[in-house]
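What the coordinates show
Chain by chain, the residues:
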Amino acid sequence: MVILLLMVFLAGAQSPQRARETAPAPEEKQLSVYGPRVSYFLPVSERNGQDYVALLEALEPFGNVSAGVDGQKWKLHFGKLEAEFRRKASAGKVAGKKFELPAPFLLEGDRGLVPLRALPAILGRMLGTKTDYHEAARRLFLGGAGTHFTTDPRENEVILNFTAPVNPLISTEPGKLKMTFTRDPVVAGSYVLRLENPLVSSVTFAESNGRGELTLLGRLPLLAQFAPGGKTIDIVAAPRQAQSFPPSTPPSPPAGAPPEAAPATVETPPVTVPAPPTLQSLTAKPPFVVMLDAGHGGDDPGALLSETLEEKAVTLAFARRLRNELQTRGVSVVMARDADVTVPVEQRAAMADAERVAIFVSLHAAAEGRGVRVYSAMINSATPTPGGFVPWETAQAGQVLTSRALADLVKVELARHEIPTAELPAPLQPLNNVAAAAIAVEILPSGNDVGSVNAGVYQQRVAAAVAEGIAVGRPRVEAQR
Amino acid sequence: MTRVLTAAAVLLLVAVFAMGVYLQVLRRNERQRAQSVPDTRPISAPVVGPPSRVTLYLAYDDPGVVRAQDVTVALPEDPALRGREILHVLLGEYVKRPSSHELPAGADVTDVYLVNGNMAVVDMTPAFADGHRSGILVETLTVASLVKTLTANLPGVTKVKILVDGKERETLAGHADLEGFYDVVALEPLLEQLQ
C-alpha cells in the first residue's frame, strides 16, 4: 500500500501555528451542497436572527443563471425556469408555482437572499431532483448524493472502506485522529463504533457547519495511509522514529542530572508545551506552512469596492475559502488574521518570518478589472546569505525569484480554470519584508457586477485554482528552503 | 382656541420640515461647488527658463499601462527645480478631467530634493495621498509614473523616496509602499509589464 498523505501522530504536540489557527473568532457559517457531479460551499449570512443564503450563487454551479431587480421584484432565470420574489415578502413563485418562505425574502443591492430553510425545496423544484437536508449540520445532499463507509478492524490495523474516493483533511489532537470531509459527501448518520482493538478504541462520525468529521480514538500513535484510488484508508500504528514531529530537538539534560525516564505508557500524551528552540531546531528545515494574509481588517477597511462592500470583508472570506482548499490538498495553513481585527502590515511580515513559513500569500480585492491579478515583490534579487542576518527592508531579495516562479504557476492554474489573469511585480506592503516565497493575489469581479467579487461560488473557483498553483509550486519552494 | 393652536402647530411643523429640506439643498449645492472648483492655489513660486523637451510616463487605468509622451515645457536650470516642474506637469495631466488616471484635485508636488546626486526625495501634497483611490494596480501605476518620469529626466538619479506633507507614510492608499526607496532598476520589470 502506498502512503499518499501526511503522517500524523497522536503523541505529537500541536505546532504553535496550528494552536494559534484554532484560537481566533467564531467560525464563519457555511452550507455545503453535494450533488452527483458537483460539491460546493455557500456562505450563510444571519439577518434578523435567521440564516440566509444567496439564491443566485446556490444555482450557479448547475448552469446558466441570471437575476435582476425590477422595482420591488427580484427575478431569477435558470434555463427555462423562473423564480420571482418581492422584497420583504414571505411568498413568491418558483418554477411557475406559488412558494411560501419561512421568513421574508431580502434584497441587498441586486443579491436576492432566501431563508436557508427554504433553499432545499427551492433547489429541489428548480433542479427537479430529490433533496436530503441535514439542517443541524447545514449539509444538503441532492439527487441521492452520498458516500458511505464501513469499518473493518483487524489485528494490527483498522481499514475504512468508502463507497467513493475521498480526500479528507487529516488533523490530530492528543488522543485523537480526525478526518474532516469538506468536499466529500460522507454520511453515516449518528455513528459511534466501540472497538476491542489494540490500536483504535472507537470510531465516531459527526456533522457540523457543512462538514463531516470522522474521529478515531487511539491507544497508540496512529498513521493514516491512503490506498490507490482513494476509497480505502488504512489506520496503522505510526513508526516510533517518526514521533519527533514537529521537528524540534528537546534540550539535553544538564550534566549530572538523572536520565529521563522512558514513557510509562503510550496512552499518556506528552506535554504539549513546545520545547525551547535549540540551535539544531532553528537550523532544521521547518514544516511546510502557508501563511494567508487577508489584507486590511479592523480599522483599515481597504478599498471601498461598492457602497456597501469593503475590501477587508472580501479578503477575509476569500482567505477562509483558500484555507479550506489548501488544507484539502494536505497543506498546513496559518492565518495572519481570521477575524475583523486590525493587524499592522509590518506585524504580518514579522509573523511570517517568525513562523518561518514556506509561502506568504497576501490577499486583496479590487473593483476595477476582471479575474485575478497575481503580484510578486518589486525588488532586485540577491543571493541569500545562509546563516547570515537578513535586512528587514530587503528580506524578500533572496526569495524573489522563487516568488516570481510561484506567481507564474498560480497564473497558469488560474488560466487553466479559465479565469482571466495577469501577473506583475508591485511595490506592495509587506512583500519586501517577508523572508519566504511571497505573492499577492488580488481578486477582481467576474463580470460587470462588482458584487460578484464576493460571490461564494466565484471565490471558491478562484481559491481552488490558486490552491492548485501553490500545490504545484510546492516542490520548487521546498527545494529553495 | 384649540383650532388656532392646532393650526399654529401644523404651520410650525411645516416650517421646520421646509427648513430641513432647504438645509439639505444648501449642503448639496455647497458640496457640488466644492467638488467643481479646482484647487488653484499656487504651492510654489513660478519658475522661468528656456523651453525643454521632457518625457512624461503617463499612466492609463484602462488597460493598466504606462506610456511615454514627449512634451515641451519651460524649465529652470537647477535640477531639483526641474524635477519639481516636470512632476507638476505630470500631475497636471492627472488632476484635469477627464484624465487617463484620475488623481484628486490638489494632488501636486511640493518640493523635490536631490541627495548625493543619485537620490531624489519628493514631497507631495496631503491631497495626493489622502484622496488617492485605493487598489494595488492603481497605486502602482501612480508610483511607477512618478518615479519613471523623474528618473528619466534627471540623469544620475536612480533612487526616489516619496514623502507626503513632509512626512514618511506607510502606504499611498493602503497598498503601495511609501516607506522605502524606489530603485529604478527594480522598477524596470514592472514597466516592461505595463507597456
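Once a new chain begins, its residue numbering starts again from 1 and follows that chain's sequence as written. Here the convention is simple: chains get letters from A, ligands get numbers from 1, in the order in which they are written. With pLDDT at 70 or above as the cut-off, local features in this predicted model cover only qualifying residues; side-chain atom pairs require 80 or more to be listed or tallied, and sums for whole chains, interfaces and linings still use all residues.

1. Points about the overall build of chain B
The following threshold applies: For helices the rule is a DSSP run of H or I covering at least 4 residues; for strands it is a run of E covering at least 2, with both sets numbered from the N terminus onward. Any residue whose C-beta has 12 or fewer other C-beta atoms within 10 Å is treated as exposed, any with 20 or more as buried, and any in between as partly exposed, C-beta atoms being built from the backbone. With C-beta atoms placed from the backbone, a contact is any residue pair whose C-beta atoms sit within 7 Å.
The helix and strand tally for chain B stands at five helices and six strands. Counting from the amino terminus, helix and strand elements in chain B follow one another as α-β-β-α-β-β-α-α-β-β-α. Burial statistics for chain B: of 195 residues in total, 33% are counted as buried. Put simply, 63% of the contacts in chain B that link residues at least 6 apart link residues at least 24 apart.

2. Quick notes on the overall build of chain A
Within chain A one finds eight helices and 28 strands. Here chain A holds 481 residues, and 44% of them are scored as buried. Look at the contacts in chain A between residues 6 or more apart in sequence, and 67% of them connect residues 24 or more apart.

3. Re helix α5 (residues 184-193) of chain B
Residue and element names in this part refer to chain B. Where we set the bar: Working definition: the arc comes from the directions between the helix axis and the C-beta atoms, pointing outward to the latter.
Within α5, burial applies to Ala186, Leu187 and Leu190. Along α5, the residues classed as buried sweep out an arc of 95° about the axis, all on the same side. Across α5 from its buried face, at more than 90 degrees, point the exposed residues Val185 and Glu192.

4. A few points about the interface of chain B and chain A
The test is simple: Each residue gets one of three labels, nonpolar for Ala, Val, Leu, Ile, Met, Phe, Trp, Tyr, Cys and Pro, charged for Asp, Glu, Lys and Arg, and polar for the others, Gly among them.
Contact with chain B, which involves 21 residues of that partner, is made by 23 residues of chain A. Secondary structure elements with two or more residues in the side of chain B that touches chain A: α4 (136-153) and α5 of chain B. The dominant element in the side of chain B that touches chain A, judged by the number of residues it contributes, is α5 of chain B, at six residues. Looking at the side of chain B that touches chain A residue by residue, the classes come out as nine nonpolar, eight polar and four charged.

5. A short note on the sheet that holds strand β25 (residues 359-365) of chain A
Sheets are built from strands that pair by backbone hydrogen bonding, the pairs being arranged parallel or antiparallel. Residues and elements named next belong to chain A. Note the threshold: For two strands to pair, DSSP has to find at least two bridges joining them. Where helices are involved, their axes are fitted lines through C-alpha atoms of the stretch in contact, as for all axes, and angles between N-to-C directions lie from 0 to 180°.
An order of β24-β23-β25-β28-β26-β27 is seen for the six strands of this open sheet, with the pairing classed as mixed. Looking at which strands have only one partner, the edges of the open sheet turn out to be β24 (332-335) and β27 (421-426). For this sheet, the mean inter-axis angle between neighbouring strands, taken without regard to orientation, is 25°. With four bridges connecting them, strand β23 (residues 289-294) and β24 associate as parallel partners.

6. Brief notes about the sheet that holds strand β6 (residues 182-183) of chain B
Residues and elements named next belong to chain B. The sheet built from four strands is open, its strands ordered β3-β4-β5-β6 with mixed pairing. With one partner strand each, in any of the chains shown, β3 (109-115) and β6 form the two edges of the open sheet. Looking at chain direction, β3 and strand β4 (residues 119-124) are connected through six bridges and run antiparallel. Bridge pairing in β4 places Tyr113 opposite Val121.

7. Focus on the environment of His364 of chain A
Among the secondary structure elements, His364 of chain A is positioned in strand β25. Note on His364 of chain A: 30 C-beta atoms within 10 Å, which makes it buried. Considering only alpha carbons, one finds His364 of chain A and Lys312 of chain A, 52 residues apart in sequence, at a separation of 8.0 Å. Beyond its immediate stretch of four places on either side in the chain, His364 of chain A contacts Gly295, Glu311, Thr315, Ala440 and Glu442 of chain A together with Ile136 of chain B.

8. So, helix α2 (residues 79-95) of chain B
Cut-off, in case you're wondering: One less than the residue count of a helix, multiplied by 1.5 Å, gives the span that helix is expected to have.
Over its 17 residues, α2 of chain B runs 24 Å from end to end, which matches the ideal 24 Å to within 8%, given 1.5 Å per residue. Those residues of α2 of chain B that fall on the buried side of the exposure criterion are Arg82, Gly83, Arg84, Glu85, Ile86, Leu87, Leu90, Leu91 and Tyr94 of chain B.

9. Details of the pairing of strand β18 (residues 191-194) of chain A
Pairing geometry for β18 of chain A and strand β19 (residues 200-208) of chain A, over four bridges, is antiparallel. Within the sheet, the bridge partner assigned to Arg194 of chain A lies in β19 of chain A and is Ser202 of chain A.

10. A closer look at the packing of helix α7 (residues 400-416) of chain A against helix α8 (residues 456-480) of chain A
All names here are of chain A. As a reminder, the rule being used: An angle below 35 degrees is treated as roughly parallel, one above 145 as roughly antiparallel, one from 65 to 115 as roughly perpendicular, and anything else as oblique. Crossings are classed by handedness, with left-handed meaning an anticlockwise turn of the near helix from the far one by less than a right angle and right-handed meaning a clockwise turn.
Closest axis-to-axis distance for the α7/α8 pair is 8 Å, and the angle between their directions is 150°. As summarised for this structure, α7 and α8 are arranged roughly antiparallel, according to the angle between their axes. Where α7 crosses over α8, the two elements pack in a sense that is right-handed. In this structure, α7 contributes Thr402, Ala405, Leu406, Leu409, Val410, Val412, Glu413 and Leu414 to the contact, and α8 contributes Ala465, Val466, Glu468, Gly469, Ile470, Val472, Gly473, Arg476, Val477 and Gln480. For the contact of α7 with α8, the class distribution of residues is eleven nonpolar, four polar and three charged.

11. Some words on the pairing of strand β14 (residues 149-153) of chain A
Residues and elements named next belong to chain A. Pairing analysis gives five bridges linking β14 to strand β15 (residues 157-162), with the strands arranged antiparallel. By the bridge assignment, Pro153 is partnered in β15 with Val158. Counting the residues between successive antiparallel strands, the hairpin from β14 to β15 contains three residues.

12. Describing the confidence of the model for chain A
All names here are of chain A. Convention followed: A residue's pLDDT is simply how confident the predictor is in it, with values from 0 to 100.
For chain A, per-residue confidence averages 80 on the pLDDT scale, and residues scoring 70 or more make up 83% of the total. Mean pLDDT values for the elements of chain A range from 35 in helix α1 (residues 16-21) up to 97 in β25. In the predicted structure, residues 1-25 sits below a pLDDT of 50 and forms 59 contacts with residues beyond four places in sequence or in another chain. Of the regions scoring below 50 in pLDDT, residues 241-282 engages in 39 contacts with residues more than four places distant in sequence or in other chains.

13. What about the nonpolar core?
Going by this rule: Note on definitions: a nonpolar core is a set of buried residues drawn from Ala, Val, Leu, Ile, Met, Phe, Trp, Tyr and Cys, linked by C-beta atoms within 7 Å.
Counting 110 residues, the largest nonpolar core has Val290, Leu292 and Ile359 of chain A as its most contacted members. A per-element tally of this core places α4 of chain B first, with nine residues.

14. Overview of the packing of α2 of chain B against α4 of chain B
Residues and elements named next belong to chain B. For the pair α2 and α4, interaxial distance at closest approach is 10 Å and the crossing angle is 140°. Considering the angle they form, α2 stands oblique to α4. When you trace α2 past α4, the crossing you get is right-handed. Residues Gly83, Ile86, Leu87 and Leu90 of α2 pack against Ser145, Leu146, Thr149, Leu150 and Asn153 of α4. For the contact of α2 with α4, a count of residues per class yields five nonpolar, four polar and no charged.

15. Structural notes on unusual backbone geometry
The amide bond that connects Asp62 of chain B to the next residue, Pro63 of chain B, takes the cis arrangement and shows omega of 20°. Inspection of the secondary structure puts Pro63 of chain B in the loop between β1 (51-60) and β2 (65-74). The peptide bond linking Arg97 of chain B to Pro98 of chain B adopts the cis configuration, its omega dihedral lying at -5°. Summarising the element assignment, Pro98 of chain B is placed in the loop between α2 and β3. A positive phi angle is found at Asn48 of chain A, which is not glycine, with a value near 50°. Note on placement: Asn48 of chain A falls in the loop between β3 (45-47) and β4 (50-54). You will see that Lys88 of chain A, though not glycine, has its phi angle at about 65°, which is positive. Topologically, Lys88 of chain A is positioned in the loop between β7 (81-86) and β8 (91-94). Under the C-beta neighbour-count criterion, Lys88 of chain A is labelled exposed, with 11 such atoms within 10 Å.

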